[in-house]
Amino acid sequence: MLTPEMVKTYIEESLTCEHVEVTGDGQHFEAVIVSELFRGKTMLKQHQVVYDALGDKVGGEIHALSMKTVTPDQWKAS
Amino acid sequence: MDVKNILEKQIKENCIVLYMKGTPEAPMCGFSASAVQMLEACDVEDVATVNVLENQDIREGIKEFSNWPTIPQLYVNGEFVGGADIMREMYQSGELKRLLNGD
């Protein structure tokens, strides 16, 4: 079964990011992703960056991925 | 008519289109159910919903069309707004209601 740790590794391997947290039950996962790549992008574009990086895994192996995408500045301020 | 043309027509002819799994009365996925609830909570009545489980071509086609791999997907005034996460953020901030009511 897919674990949150595996999803975390997928994200870290496919995307340049500073921090990733993943929780989930094997099918539905929730991720907090901190990346400089999100700077200046709308939330829609930020999520697309992650989806593009993960490719076919989302909707396939990963049934659903909820995400919160933040820039390093926003992360430090929170 | 190919899938892309069908999607373009649906999105053009309806101000608000929700692509979902199941129907508003019987949603087949928690994320689709919450999308419907958020639209209802915004007091919008004129929502066109498309059940992607009824048509595999639409189900795959919309993912490619939006460059978005999951369902539900919300379109407003011909533009892709986002999936369940984005709808929730926009709902909580009040932005979704403003967008849907044309403010």
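Residues numbered from 1 in each chain as written. Chains lettered and ligands numbered in written order. Predicted model: local features only at pLDDT ≥ 70, side-chain atom pairs only at ≥ 80, totals over all residues. Heavy atoms only, no water.

A.B. asks: What should I look at first to understand the interface of chain B and chain A in this one?
C.D. replies: Accessible area lost upon the coming together of the parts is a frequently used measure of interface size. At the interface, 13 residues of chain B touch 15 residues of chain A. Together, the buried faces of chain B and chain A total about 1,200 Å²; carbon and sulfur atoms form 62% of this surface. Taking the shortest distance from any N to any O, the salt bridge between E89 of chain B and K68 of chain A comes out at 4.0 Å. Linking chain B with chain A are five residue pairs in polar contact (both at pLDDT 80 or more). Contributing elements (two or more residues each) for the side of chain B that touches chain A: β4 (79-82) and α4 (84-93) of chain B. Class assignment of the residues belonging to the side of chain B that touches chain A gives a composition of six nonpolar, four polar and three charged. (Contact = heavy atoms within 4.5 Å. Buried area = accessible area lost by both parts, 1.4 Å probe. Salt bridge = Lys/Arg side-chain N within 4 Å of Asp/Glu carboxyl O. Polar contact = N/O pair within 3.5 Å; in protein donor to acceptor, adjacent residues only side chain to side chain. Helix = DSSP H or I, 4+ residues; strand = E, 2+ residues; numbered from the N terminus. Nonpolar A, V, L, I, M, F, W, Y, C, P; charged D, E, K, R; others polar.)

A.B. asks: How should I be thinking about the confidence of the model for chain A in this particular structure?
C.D. replies: Keep in mind that low pLDDT regions are not for reading the predicted coordinates in detail. Per-residue pLDDT for chain A averages 94, and the proportion of residues at 70 or more is 100%. Taking the mean pLDDT of every element in chain A, the minimum, 93, falls on strand β3 (residues 64-70) of chain A and the maximum, 97, on strand β1 (residues 19-24) of chain A. (pLDDT = per-residue confidence, 0-100.)

A.B. asks: Even after reading the chapter, I still don't get the pairing of β1 of chain A, so can you show me in this structure?
C.D. replies: Successive side chains on a regular strand alternate, one facing one side of the sheet and the next facing the other. Residues and elements named next belong to chain A. Both β1 and strand β2 (residues 28-34) contribute to a ladder of six bridges, which runs antiparallel. The residue of β2 that forms the bridge with G24 is F29. Hairpin geometry of β1 and β2 is characterised by an intervening segment of three residues between the two adjacent antiparallel strands and by a positive phi of about 105° at G26. (Pairing = 2+ DSSP bridges.)

A.B. asks: Teacher, can you tell me more about the packing of aromatic side chains here?
C.D. replies: Each aromatic ring pair is characterised by the separation of its centres together with the angle its planes make. Within this structure, the stated rule accounts for five aromatic pairs over all chains. Both rings, one in Y51 of chain A and one in W68 of chain B, keep their centres 4.7 Å apart while their planes meet at 85°; by these two values the pair is edge-to-face. Of the two residues, Y51 of chain A is situated in helix α2 (residues 43-54) and W68 of chain B in the loop between α3 (56-66) and β3 (73-76); the pairing between them involves two chains. Note on accessibility: Y51 of chain A and W68 of chain B belong to one class, buried. (Phe/Tyr/Trp six-rings, centres within 6.5 Å; stacked < 30°, edge-to-face > 60°. Buried < 20%, exposed > 50% of the residue type's maximum accessible area, 1.4 Å probe, protein only.)

A.B. asks: Honestly, the nonpolar core in this entry has me stumped. Any pointers?
C.D. replies: As a rule of thumb, nonpolar side chains are buried together in soluble globular proteins. Core analysis: the largest hydrophobic core is formed by 49 residues, its most contacted members being I11, I33 and L65 of chain A together with Y19 and L74 of chain B. Contacts of L65 of chain A, omitting those with residues within four sequence positions, involve V7, F29, A31, V50, Y51, L54 and V58 of chain A together with D85 of chain B. (Core = buried A, V, L, I, M, F, W, Y, C linked by side-chain atoms within 4.5 Å.)

A.B. asks: Please explain the environment of D56 of chain A as it appears in this structure.
C.D. replies: All names here are of chain A. With respect to the helices, strands and loops of the structure, D56 is situated in the loop between α2 and β3. On the basis of relative accessibility, which here comes to 74%, the residue D56 falls in the exposed class. With 50 residues separating them along the chain, D56 and M6 place their C-alpha atoms 15 Å apart.

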